[in-house]
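If you want the building blocks of each chain, they are given just below.
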Amino acid sequence: MTETVTKKLMLFFPKCECEKPIIYHLVKDYDLVVNVFRAKVTPEEEGYLVLDVTGAEENIDRAVEFVGTFNVTINAAGKGVTWDPDACTGCGHCVVHCPTGALHISDRATMEVAFDEEKCIECLACIRVCPYDVCASAF
Amino acid sequence: MKTYQEINDRIASGKAVVMTAEEIIDYVEGKGLEAAAAEVDVVTTATFGPMCSSGCVLNFGHSKPKIRMSEAWVEDVLAYTGLAAVDVFLGATQLRHNDPANMYPPGEFRYGGGHVMADLVAGKELQLFALSYGTDEYPLREIRTYFTIDDLNQAVMVNPRNCYQNYNVAINCSDRTLWTYMGKLEADCKNANYCSAGQLSPLLNDPLYETIGVGSSVWLAGAHGHVYAEGTQHAGGGGRNEYDVPTGGSGTLALSGDMKQMSPEFVRGVSLVGYGVSLGVGAGVPIPILNPGVLKRCCIRDEQIVAPITDYSSDYPNATGKVLGHVSYKQLKSGKIDVDGREVPVGSLSSYSKALKIAELLAAEIRSGDFLLSQPYAMLPADTNMKPLKVRDKTT
Ligand code: SF4
Ligand code: SF4
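**Q** Residue-level account of the overall build of chain B, with values.
**A** When its secondary structure is counted, chain B shows eight helices and 24 strands. Compactness check: chain B gives a C-alpha radius of gyration of 22 Å against a globular reference of 21 Å for 396 residues, within 12% of the reference. Each principal axis of the C-alpha distribution contributes one length, and for chain B these read about 70 × 60 × 50 Å. Of the roughly 16,900 Å² of accessible surface on chain B, 50% is carried by carbon and sulfur atoms.

**Q** Any chance you could break down the nonpolar core for me, citing the residues and the numbers?
**A** Of all hydrophobic cores here, the largest spans 137 residues; its most connected members are Phe60(B), Met259(B) and Ile337(B). No other element matches the eight residues that helix α8 (residues 352–367) of chain B contributes to this core. Residue contacts for Met259(B): discarding those within four places in its chain leaves Cys56(B), Met117(B), Leu120(B), Val121(B), Ile149(B), Ala155(B), Val156(B) and Met157(B). Grouped together as the second largest cluster of nonpolar side chains are 15 residues, Leu9(A), Leu11(A), Ile60(A) and Phe66(A) included.

**Q** Describe the environment of Val270(B), with residues and values.
**A** Within the fold, Val270(B) resides in strand β18 (residues 267–272). What makes Val270(B) buried here is its relative accessible area of 0%. Distance from Val270(B) to Val218(B), taken between C-alpha atoms, is 23 Å for residues 52 residues apart in sequence. Residues in contact with Val270(B), not counting those within four places in the same chain, are Pro131(A), Tyr132(A), Pro50(B), His115(B), Gly276(B), Val277(B), Ser278(B), Leu279(B) and Gly280(B).

**Q** Which residues make up the site of ligand 2, and what values do they have?
**A** Around ligand 2 sit 13 residues in total, of which Cys88(A), Cys91(A), Gly92(A), Cys94(A) and Cys130(A) are the nearest. Split into classes, the residues belonging to the shell around ligand 2 amount to ten nonpolar, three polar and no charged.

**Q** For unusual backbone geometry, give the residues involved together with the corresponding values.
**A** A negative phi angle is the norm for most residues apart from glycine, just as the trans form is the norm for most peptide bonds. All names here are of chain B. Cis geometry marks the peptide bond from Lys64 to Pro65, where omega comes out at -10 degrees. Among the secondary structure elements, Pro65 is positioned in the loop between β3 (55–59) and β4 (71–74). Omega for the peptide link from Pro105 to Pro106 comes to -10 degrees, which places this bond in the cis form. Mapped onto the secondary structure, Pro106 falls in the loop between β6 (87–91) and α4 (113–121). One non-glycine residue, Asp76, adopts positive backbone phi at about 70 degrees. When you line up the elements, Asp76 lands in the loop between β4 and β5 (77–79). The class of Asp76 is partly exposed, set by a relative accessible area of 37%. Backbone geometry places Asp188, a non-glycine residue, at a positive phi of 60 degrees. Residue position: Asp188 is located in the loop between β12 (183–185) and β13 (192–194). Exposure remark for Asp188: the relative accessible area of 40% places this residue in the partly exposed category.

**Q** So what's going on with the layout of surface pockets? Which residues, and what values?
**A** All names here are of chain B. The calculated volume of the largest pocket comes to roughly 1,300 Å³. Surrounding the largest pocket, 44 residues form its lining, Tyr164, Tyr167, Asn168, Gln233 and Tyr316 being those nearest its centre. Of all the secondary-structure elements, those providing two or more residues to the lining of the largest pocket are β2 (42–50), β9 (154–162) and β20 (306–311). Across the lining of the largest pocket, the residue classes break down as 21 nonpolar, 19 polar and four charged.

Rules used in this analysis
- Residues numbered from 1 in each chain as written.
- Chains lettered and ligands numbered in written order.
- Predicted model: local features only at pLDDT ≥ 70, side-chain atom pairs only at ≥ 80, totals over all residues.
- Heavy atoms only, no water.
- Helix = DSSP H or I, 4+ residues; strand = E, 2+ residues; numbered from the N terminus.
- Rg over C-alpha atoms; globule rule 2.2 N^0.38 Å.
- Areas by Shrake-Rupley, 256 points an atom, 1.4 Å probe, with all protein chains shown as cover.
- Core = buried A, V, L, I, M, F, W, Y, C linked by side-chain atoms within 4.5 Å.
- Buried < 20%, exposed > 50% of the residue type's maximum accessible area, 1.4 Å probe, protein only.
- Contact = heavy atoms within 4.5 Å.
- Near = heavy atom within 4 Å.
- Nonpolar A, V, L, I, M, F, W, Y, C, P; charged D, E, K, R; others polar.
- 1 Å grid on protein atoms, 1.4 Å probe; cavity = no way out; pocket = protein on both sides within 12 Å on 5 of 7 lines; lining within 4 Å.
- Points joined across faces, edges and corners; volume = space filled by probe spheres on them.

Next up, the structure:
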């Protein structure tokens, strides 16, 4: 049995590709479990989609290849939400509002704040509560 | 017993023994108070957080022909021009022109005076727009130009209130989310926020104002500044706990420093959703170890400092003076506090990690002989209380 892995992807759909049922094929043809964090279609009819895919590694690779055959930009780093470590003051205000612990205090002695990207579900709470404009959304 | 002069001589010769207010705790415990007091010259304290009572005085120099600015905006943020011709005062909480504020609450408050100050220190190019009624010697009626901090003759930060000695822990007992200067407070006491560097905080390490006074040299966002007055709302009187931590009113400091010497890391624009804009600024204050008593009070620990838990849905806005209880900074920094038997997660608005960095930077500057202390020429009052604003009829 092949091991299942989870990968985070951020997809950008230009106007012409927005209406294609790509997610359907990921599930149906590549046997992937899909967990969509965030999706948005802009007024220009461009689309953004941030999702986790879970399945056999070779299926994920084939699925990424399949998505690549469309005019879709794949950002495998999946950074829909970014945190700028140099700009962060370490105030900790975001920490209690982050539902998953992605933003957390890494050391209670020095009260340093750190960001665990893997845990981020892109709820955008931190973007609103950070007083120093440290967190940003790609879309 | 040491004098300011002896301490400064040791600093100047590069021999001063300097520790942060965090390091000194264990050091004194190991060494004993008397021996440590003889050895240690300076303890550094620090704080970093939003300081709403902040602003700056800018001098633009004269244009050709000259203008006597009667209204001025920097990056569309209104500056006060009721000073000399090309002097303005820009306040940290001033909103950018046309910001919808809380028209559709809670507002975002993206840019204001604090951001202008941060951009200035960061060396960015900013727009000045000014109007005038025109006079014989200042004929120009309107000016629009661009400048950086290097183009200004002076850019001086003033903090009429900084380094609050102690502060509330904010909580929200109502059934709707509050957006305050203490951050986002979820309904039904689901979180709490505090704002102090606790055991690193300047006036908690000199709670009786024995060394920090008017004229004391301070580190303000990287510049060498000073205490120019007692801070606004300074209330040195009132109760103290067994460690001299204020339980009622608190002391504050008014600080000033040259923005041209400041580091952008410690001058930051603040946007608080639903509340407004402000300035995040870092300050460090050195405490000369004149005698064992001064040192003893520098050994204050987070567990000895308590802050009142205040309901920002009713007791704070209505100034009832009621508190829901007290917690120590040790509990606050653990990330959870107990409120009426319920565990409540806590966050903060001030940054302990930045305060620690400032205390270390200041200690390094003093050790290297670059930062001398100055003896205050007036002490802060220890017997005053804060007066409320009374709404009354004219008496005469
Ligand atoms: S977007 Fe949400 S989950 Fe991600 S770091 Fe911010 S608050 Fe946490
Ligand atoms: S609220 Fe902003 S500045 Fe404060 S710790 Fe979080 S990301 Fe950093």
